Amino acid sequence: MHLPRVFTRTLGAALGGLMLSVPLQAAHAQSKPEDYPSRPVRIIAPYAPGGTVDSLARAMGAALSSMLDKTFFVENRPGAGGNVGLTALAKAAPDGYTLGLAAANMLATNRALYRSLPFDTIKDFAPVGFIGKVPYVLVVHPSVPAKTLAELIAELKAHPDKYSYGSSGQGNTAHLFGELFKVRTGTKMVHVPYKSSGESLQDLLAGRIQLQFFTPVDLMPHIERGALRPIAVASGKRLASLPAVPTLAELNIEGFESPTWFGLVAPAGTPPAIINYLHAQIERAKADPEVAQRLARAGVESESLTPEQFAAFIRKEVDHWAAVVKESGTAIE
């Protein structure tokens, strides 16, 4: 989930001042729980500074701080694919003063990947606000003699394990997509996990690894200058920024329609009045045209879900990724 410095700058610019233009009076339209918040609110970011999780946590914290005239601060708790941060969140007092910025892998894929977890992704968290989804694009280094998916599959089959694909760590979406791609296409590649997608991107640009699933904001500058070649989009629809690049589904490779996603969650047992109040503030902010435009520029496809819909979505995602993990044969001790 960690993203490269170039993306951090891009995302930072795209999200700079995010939601701070939202009128304060709009934020108070929802019934406010008595005396909340009366002190600083912590937002746990379960990844290190510099990636999407951290950037979105800080953007949401800045927005809520401005809208509610109270401090919402970010605490980075990286480790174990987000499990360290979520463990801290699950153990926090359910009083509305600790939130977490969670992503697809933390609440869905890790449940199937890890033999055991110190928390239950369904029972131990209360969904608050869904932020949005970010699709992936399969790209290759120009040294790969393939310009289409058919050519790439043929090349991989002709040279088993010659090519390597990267990810920002064991168990994240890019890793699972890579393993699922191998299963669905009958190809063999070597997985090279990195500590961050910034590191993997640098090696991909240098040709030390040859392909990877990346989010589009990471890629556009490099695609435009010919340093990387897009092969297919791992999404349910083509991207406006890459209209000529087909989806994997169009090319009869199914199972890649689920992008990564992000949202704010709280410890289970947090009072519904606080959950609903925070949810309303997040939705009001996202409805602001300037905010919506900035999220779009950051590659986030904003979507509105009620806390109940968010909870149902997580349960559906758990089942989906459990099937993907089972098919790919991936597991983490």
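Only a predicted model underlies this, so the values are computations on that prediction, with no experimental measurement involved.

This part takes up the overall build of the protein chain. A tally of helices and strands in the protein chain yields twelve helices and eleven strands. Taken over 333 residues, the protein chain has a buried fraction of 59%. Sequence-distant contacts in the protein chain: of pairs separated by 6 or more residues, those separated by 24 or more amount to 80%. Just so you have it, the protein chain exposes about 13000 Å², and 53% of that area is on carbon and sulfur atoms.

The next subject is the sheet that holds strand 4 (residues 125-134). Here we have six strands laid out as an open sheet, ordered 2-1-3-10-4-11, and mixed in their pairing. Each end of this open sheet is capped by a strand with a single partner; those strands are strand 2 (72-76) and strand 11 (301-302). With respect to the sheet, helix 3 (residues 52-68) is in contact with strand 1 (41-45), strand 2, strand 3 (98-103), strand 4 and strand 10 (260-267), its orientation differing from that of strand 2 by roughly 160°.

Right, let's get into the side chain of Lys-182. Inspection of the secondary structure assignment puts Lys-182 in helix 7 (residues 173-185). Accessibility expressed as a relative area gives 17% for Lys-182, which makes it buried. Each residue touching Lys-182, except ones within four places of it in the same chain, is listed here: Tyr-165, Thr-187 and Met-189.

Right, let's talk about the packing of helix 7 against helix 12 (residues 307-328) for a bit. For the pair helix 7 and helix 12, the least separation of the axes is 9 Å and the interaxial angle reads 55°. As summarised for this structure, helix 7 and helix 12 are arranged oblique, according to the angle between their axes. Considering only the axes of helix 7 and helix 12, their crossing is left-handed. In this structure, helix 7 contributes Thr-173, Leu-176, Phe-177, Glu-179, Leu-180, Val-183 and Arg-184 to the contact, and helix 12 contributes Trp-321, Val-324, Val-325, Glu-327 and Ser-328. A breakdown of the residues in the contact of helix 7 with helix 12 according to their chemical character gives seven nonpolar, two polar and three charged.

We now examine helix 7. Since the α-helix packs 3.6 residues into each turn, any two residues three or four apart lie on the same face. The first and last C-alpha atoms of helix 7 sit 18 Å apart over 13 residues, in line with the 18 Å expected at 1.5 Å per residue. By the criterion of burial, helix 7 is predominantly enclosed, with eleven of the 13 residues buried. Residues of helix 7 that are buried: Thr-173, Ala-174, His-175, Leu-176, Phe-177, Gly-178, Glu-179, Leu-180, Phe-181, Lys-182 and Thr-185. Phi turns positive one or two residues past the end of helix 7, at Gly-186, with a value near 65°.

The next subject is the pairing of strand 5 (residues 136-140). Across the five residues that make up strand 5, a large majority, five, are buried. Taking every second residue as pointing to the same face, both faces of strand 5 are buried, with Tyr-136, Leu-138 and Val-140 on one and Val-137 and Val-139 on the other. Pairing of strand 5 with strand 9 (residues 229-234) involves five bridges; the strand directions are antiparallel. Among the inter-strand pairings, Val-137 is bridged to a residue of strand 9, identified as Val-233. In terms of strand pairing, strand 5 meets strand 8 (residues 211-214) through four bridges, oriented antiparallel. In the sheet register, Leu-138 faces strand 8, and the bridge partner there is Phe-213.

Let us now look at the pattern of salt bridges. In this structure the tally under the stated criterion is ten salt bridges. With a shortest N-O distance of 2.6 Å, Glu-327 and Arg-184 are connected by a salt bridge. With Glu-327 in helix 12 and Arg-184 in helix 7, the pair connects residues that are 143 residues apart, well separated along the chain. In this structure Arg-184 comes out as partly exposed when scored by relative accessible area, which is 34%.

The next point concerns the environment of Val-139. Its location among the elements puts Val-139 in strand 5. Separated by 74 residues in sequence, Val-139 and Phe-213 have C-alpha atoms that sit 6.4 Å apart. Apart from the residues within four sequence positions on either side, Val-139 is in contact with Leu-204, Gln-210, Leu-211, Gln-212, Phe-214, Leu-219, Ile-223, Leu-228, Arg-229 and Pro-230.

This part is about the confidence of the model for the protein chain. For any part of a model where pLDDT is low, the fine detail of the predicted coordinates should not be relied upon. Looking at the protein chain as a whole, its pLDDT mean stands at 85, while 89% of the residues score no less than 70. Confidence drops under pLDDT 50 across residues 19-29; counting only partners more than four residues distant or on other chains, this segment forms 26 contacts.

Conventions used here
- Residues numbered from 1 in each chain as written.
- Predicted model: local features only at pLDDT ≥ 70, side-chain atom pairs only at ≥ 80, totals over all residues.
- Heavy atoms only, no water.
- Helix = DSSP H or I, 4+ residues; strand = E, 2+ residues; numbered from the N terminus.
- Buried < 20%, exposed > 50% of the residue type's maximum accessible area, 1.4 Å probe, protein only.
- Contact = heavy atoms within 4.5 Å.
- Areas by Shrake-Rupley, 256 points an atom, 1.4 Å probe, with all protein chains shown as cover.
- Pairing = 2+ DSSP bridges.
- Axes fitted to C-alpha atoms, helices over the stretch in contact; angles between N-to-C directions.
- Parallel < 35°, antiparallel > 145°, perpendicular 65-115°, else oblique.
- Left-handed = near helix turned anticlockwise from the far one by under 90°.
- Nonpolar A, V, L, I, M, F, W, Y, C, P; charged D, E, K, R; others polar.
- Expected span 1.5 Å × (residues − 1).
- Salt bridge = Lys/Arg side-chain N within 4 Å of Asp/Glu carboxyl O.
- pLDDT = per-residue confidence, 0-100.

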